[in-house]
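What follows is the residue order along each chain.
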Amino acid sequence: MDAKDILGLPKTPLSVPPEKKSQPKKDSQRKPDGISREVYALTGGLAPLMPSIDSSYLKKRPPSDEKITWQWLPFTNSARKDTLQLYHWVRVVNGVPPTGDYSFAKYNKSIEVTKYTDEEYAQHLTDPSWTKQETDQLFDLCEQFDLRFVIIADRFPSSRTMEELKDRYYSVCRSILLARASSPADVSGHPLVKENYNASQEKERKRALSMVLSQTKQQEKKDAEVLAEAKKIAESRMAAKGVEESVMPATENEFPETTIDHNTLVSLSNVRLAPVAAPPSTLVIADTSSTLASLRMLPVYLRTYALEQMVQQASSSAGLRTIKRVEQTLQDLGINLKPRVPTKAVCAEHLELRKEILTLLNLQKQLQYKEAEGSSLREGTTYSEMPGTPKRQVRDHDRTFIPDAMSFGGNTCLCATFLVKGPGRVSETPSSPANKRPRKMKASDL
Amino acid sequence: MTNSSSPKRNEQDQPETSGPVLKSLKTKLSKPEDAEKKIVGKKLKDVEISVPIVYGNIAFWLGKKANEYQSHKWTVYVRGATNEDTSGVIKKVVFQLHSSFNNPTRVVESPPFELSEQGWGEFEIAITLHFHSDVCEKPLSLYHQLKLYPEDESTSLSIKKPVVVESYDELVFPEPSESFLARVQNHPAVSVPRLPVGFTLPTPAEDPSERKRVDTKDHPLTQWFTNFSEADELLQLAAARQQVQTHIAKLRRQITVIEGQQQQLKPSSDQ
C-alpha cells in the first residue's frame, strides 16, 4: 500500500496512508533514547531490567595524575594453613601496592561442627548402638568433609548406612544443644530442635524416589492410562449429575453458563447471565442433550454461537490433530469452515457433515490398523503364499481426499480417487491391471 | 426466508395468564410423545423464534475530498436479513467505536439501526443489541471489524464502488414469551415455527406505534446489500455429505474384506 501510493498516486496528499493504528495495543512506537531502534525491538519493546554497561563508564579514562604500573609481586593467602608464598601481577598506583588480604580468601568458608567433651558424652550422648570411638570418628569425618554425608558414609570404617550416620549426628547435636542451653525456650527456634530427623521416613522417601526414577516406560504408560480412565469416569459421573440438574429447574430464571468450559474460538460473545450462586459451573458436557439444554437456558443466543458449541461437543472426543484433519477435509471439499449463511438448516447440515467426516477418519484409521495386522500376520508365515505380488501400500496420512491406493496379495485391488480443489484437476492412482476402478468426483460445482 | 422447525411437544405447566410479560412457554426436556412425532429422525425442539440479521459496514472512499484523517465515509449497521424492519425485536443498538472518536459510544434507538462516520482507520466495533423487555432482558454483543480498503490490493480505490463487508447470523430465542410470539406472528422479519396443535395465541393488539414500519427497502444503501441465500450452501453441503457417505461405505466394505481375509489366514498360519 505504501509503495503503491507513493509511486502510483503521487498527487494525493496521502503519501503515507494510515495503518491499522486504531487497535489500542501497547505502543512500542516511541523508543527511548540511548538505544538503537533495532536493539530496542529485539528486547520486545521493553526496557532492560538492569542497566547494561553505562557507555559513559567506558569512555572514562583514569585520572591522569595517577601513575599506574603493574608489578610481579609475592602474596600470601590467609586461607592457607601453611605459609606458602606465590606470585602474581599487582596493579600498583603511584608506587603503593594495594593492601588487604588475598581477595579470594573470604570464600574459604567451612561448617561449624559441634564439639563435645568427654563428660558431656558420658552424661547425654551415650547410645546402645554407638560406641564413643565410633561417634568420635563420625564427628571427625564430618568436620573433615564439611558434613557431606555421601562421602562420610563412604569413608566410614564400619559399614553404617547414611541414614544411621545422619541420625546419630543430628541426635548428638540436638542433645548437646539442649544440654548446653540455659533454658529450653532459647533453643526451641533452632531447626535441629524444631524438626527431628526421622531415619525411617528418610529411608522410605529415598526408596520411593528411586522407584519413580527406575519406572520403566511401560509402567508409566499403564499409570497414565489408569489415571485417564479414572478421570473419564469421574467426568462422566459429573456430566450425568449435570444433566439431571439442568432438567430440573424449569422454573428458575437464573442458571449457570455451563458451556463456557471450552475455549470459544470466535470472539462472538454470548449473553451475560445474572450472577449465579450454587449450581456447578465447571461441567464437561458429555453429550448433545446437555449442550442443547444449556443453549436453551440462554434467553438469546446467536446461531453461529450455537453451531460452535455443537461442533466442539461433537469433536470433544477427538484430539487436536483429528480436528485439524476434519478442517482440512472440509476445505478440500470446498466447504467453508464457518458457513456463510448460518441458518438453522445450514447449521444442522454442517454439523452432520462434520460428524460424518469424523466417522470417515476413524474408519480410515481402523482400516490402516487392519492392514498392519494383516501384513504382520502374513510376514509371520514362512511360506509365502502369494509369490511375487508386491505389497504396495501408498498412503497419505494427512490428506483424505487424495488418491489412496492399496493392494493386497492376490487379485483384489481397490483404489479410490477423489478430486481435490476445483475443476480441471484430475488425479488418478496407479493401479495394478486387474480391477481398475477409478472414481472421479468434483468437489463442488459452483 | 422461512426457517421452520416443527416442535415436537409442548407442555404448559403454568396457566395462561393475561399478564403481559410472563414467560409461560417454558417446556420441560422430556421425551417426545409419539403422537406428535411427525418427522422421523429429527431431534426434540421447543418453540423457538429465530430472527435472521445481517450486520456489517459499507465504506466509500472520498476521493479528492479525502484528507489524512478522513479518507473514507463509512456506515456500520444491523439490518434484517431481507431488509425488513427489525424494530419489533430490537429496541436499540449501541455501537462502540474506537476511542479516538468523539463520544465513542453511539446509541441508535430507532430503525434503521446504523451509524455513519468519516475516518481513516480500521478497527473492531462492538455492536450491542438491546431488545424489548418482553423479547429478552439481556443485551447481546456482536463484533465487527470495520473494513475500508478492498481485500485485493491491486484494485484502485474508487469513489463509486464501496467496500462492503457483511456477516449473516441469526438471533435465536429459545423460549420466547407469549406476547413476543403474538406480536411477531406474522412479521416478515421473524421466522416463527409452526405452533403445536391446540396452542392458541391471543390475537395481537393493533398497536399503532408498533406498526409504524420504516420502510427499509427504500434505504439508499440497499443496492449494495448482499443477498444471503441458504440454498447455495445447502447444495454444497449436501454434495459434500454425499461424497463423504460414499467414501465411508467404501471403507466399510474394505474393512469387511480384510477381516474376511484375515479370518482365512489365521487358521493357516497356526500350522
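Residues numbered from 1 in each chain as written. Chains lettered and ligands numbered in written order. Predicted model: local features only at pLDDT ≥ 70, side-chain atom pairs only at ≥ 80, totals over all residues. Heavy atoms only, no water.

1. Let's talk about the overall build of chain B
Now for step 1: From N to C terminus, chain B includes three helices and eight strands.
Now for step 2: Secondary structure elements in chain B, listed N-terminal to C-terminal, are β-β-β-β-β-β-β-β-α-α-α.
Now for step 3: Residue burial in chain B is summarised as follows: out of 271 residues, 48% are buried.
Now for step 4: In chain B, 69% of the contacts between residues at least 6 apart in sequence involve partners at least 24 apart. (Helix = DSSP H or I, 4+ residues; strand = E, 2+ residues; numbered from the N terminus. Buried < 20%, exposed > 50% of the residue type's maximum accessible area, 1.4 Å probe, protein only. Contact = heavy atoms within 4.5 Å.)

2. Side note on the pairing of strand β2 (residues 72-80) of chain B
Residues and elements named next belong to chain B.
Now for step 1: Of all nine residues in β2, eight are buried; the element is thus mostly enclosed.
Now for step 2: Examined bridge by bridge, β2 and strand β5 (residues 113-119) share seven bridges and lie antiparallel to one another. By the bridge assignment, Val 76 is partnered in β5 with Leu 115. (Pairing = 2+ DSSP bridges.)

3. Let's talk about the nonpolar core
Now for step 1: In terms of nonpolar packing, the biggest core is built from 43 residues, with Trp 74, Ile 127, Leu 129, Phe 131, Leu 171 and Phe 173 of chain B touching the most fellow members.
Now for step 2: Counting residues in hydrophobic clusters, the runner-up holds 20 residues, among them Ala 318 and Leu 367 of chain A together with Ile 255 and Ile 258 of chain B. (Core = buried A, V, L, I, M, F, W, Y, C linked by side-chain atoms within 4.5 Å.)

4. Concerning the sheet that holds strand β8 (residues 163-173) of chain B
Now for step 1: The strand order across the open sheet formed by five strands is β3(A)-β8(B)-β1(B)-β2(B)-β5(B), and the pairing between neighbours is antiparallel. In this open sheet, the two strands that pair with only one neighbour each are β3 (301-302) of chain A together with β5 of chain B.
Now for step 2: Looking at chain direction, strand β1 (residues 49-61) of chain B and β2 of chain B are connected through nine bridges and run antiparallel. Counterpart to Ala 59 of chain B in the pairing with β2 of chain B is Trp 74 of chain B.

5. A closer look at the sheet that holds strand β6 (residues 124-131) of chain B
Pairing between the strands of a sheet comes from backbone hydrogen bonds, and it takes one of two forms, parallel or antiparallel.
Residue and element names in this part refer to chain B.
Now for step 1: Taken in spatial order, the four strands make up an open sheet running β4-β3-β6-β7, and their pairing is antiparallel. Looking at strand neighbours, the two that pair on one side only are β4 (105-108) and β7 (140-145), the edges of this open sheet. Here the strands of the sheet are splayed against their neighbours by 20 degrees on average, with no regard to which way each runs.
Now for step 2: In terms of strand pairing, strand β3 (residues 90-96) meets β4 through four bridges, oriented antiparallel. Note on β4: the bridge partner recorded for Val 94 is Val 107. (Axes fitted to C-alpha atoms, helices over the stretch in contact; angles between N-to-C directions.)

6. Notes on helix α14 (residues 320-332) of chain A
Now for step 1: Across its 13 residues, α14 of chain A extends 18 Å between first and last C-alpha, which sits within 8% of the 18 Å expected from 1.5 Å per residue.
Now for step 2: Just beyond α14 of chain A, the residue with positive phi is Gly 334 of chain A, at close to 85 degrees. (Expected span 1.5 Å × (residues − 1).)

7. Side note on the environment of Glu 308 of chain A
Now for step 1: In this fold, Glu 308 of chain A is placed in helix α13 (residues 303-314).
Now for step 2: Taking the C-alpha atoms as reference, Glu 308 of chain A lies 8.9 Å from Lys 338 of chain A; in sequence the two are 30 residues apart.

8. Considerations on the pattern of salt bridges
Now for step 1: A full pass over the atoms with the stated rule returns 19 salt bridges over all chains.
Now for step 2: When the shortest N-O distance is used, the salt bridge between Glu 170 of chain B and Arg 303 of chain A registers 2.7 Å. Taken as a pair, Glu 170 of chain B in strand β8 and Arg 303 of chain A in helix α13 lie in two separate chains rather than in one.
Now for step 3: Taking relative accessible area as the criterion, Glu 170 of chain B reaches 1% and is therefore assigned buried. (Salt bridge = Lys/Arg side-chain N within 4 Å of Asp/Glu carboxyl O.)

9. Description of the confidence of the model for chain A
Now for step 1: The predicted model of chain A averages 72 in pLDDT, with 66% of residues at 70 or higher.
Now for step 2: For residues 12-28 of chain A, every residue scores under 50 in pLDDT, and the model assigns this stretch 26 contacts once sequence neighbours within four places are set aside. (pLDDT = per-residue confidence, 0-100.)

10. Section: the side chain of Asp 169 of chain B
Now for step 1: By the element assignment, Asp 169 of chain B lies in strand β8.
Now for step 2: Although Asp 169 of chain B is buried, it forms no salt bridge, and the closest oppositely charged side chain is Arg 303 of chain A at an N-O distance of 6.4 Å.
Now for step 3: In terms of polar contacts, Asp 169 of chain B uses its side chain to reach the side chain of Thr 304 of chain A, at 2.5 Å. (Lys, Arg positive; Asp, Glu negative; His and termini not counted. Polar contact = N/O pair within 3.5 Å; in protein donor to acceptor, adjacent residues only side chain to side chain.)

11. Comments concerning the packing of aromatic side chains
Residue and element names in this part refer to chain A.
Now for step 1: Taken as a whole and judged by the stated rule, the model has 20 aromatic pairs over all chains.
Now for step 2: Ring geometry for Trp 72 against Trp 89: centres 5.5 Å apart, planes inclined by 65 degrees, an arrangement best described as edge-to-face. Within this pair, whereas Trp 72 is found in strand β1 (residues 68-75), its partner Trp 89 is found in strand β2 (residues 86-93), the two being separated by 17 residues in sequence. Of the two residues, Trp 72 and Trp 89, neither departs from the other in class, the shared state being exposed. (Phe/Tyr/Trp six-rings, centres within 6.5 Å; stacked < 30°, edge-to-face > 60°.)

12. A closer look at the environment of Val 108 of chain B
Residue and element names in this part refer to chain B.
Now for step 1: Along the chain, the position of Val 108 falls in strand β4.
Now for step 2: C-alpha of Val 108 to C-alpha of Val 94: the two residues are 14 residues apart in sequence and 6.2 Å apart in space.
Now for step 3: Once you skip the residues sitting within four places of it in the chain, Val 108 turns out to touch Lys 92, Val 93, Phe 95, Phe 113 and Glu 114.

13. Let's talk about unusual backbone geometry
Now for step 1: Cis geometry marks the peptide bond from Pro 111 of chain B to Pro 112 of chain B, where omega comes out at -5 degrees.
Now for step 2: Residue placement: Pro 112 of chain B occurs in the loop between β4 and β5.
Now for step 3: Residue Asp 146 of chain A is not a glycine yet carries a positive backbone phi of 55 degrees.
Now for step 4: With respect to the element layout, Asp 146 of chain A can be found in the loop between α5 (132-144) and α6 (149-155).
Now for step 5: In the Ramachandran plot, Asn 103 of chain B falls in the positive-phi region, its phi being about 45 degrees despite a non-glycine side chain.
Now for step 6: As for its placement among the helices and strands, Asn 103 of chain B is situated in the loop between β3 and β4.
Now for step 7: Under the relative-accessibility criterion, Asn 103 of chain B is labelled exposed at 60%.

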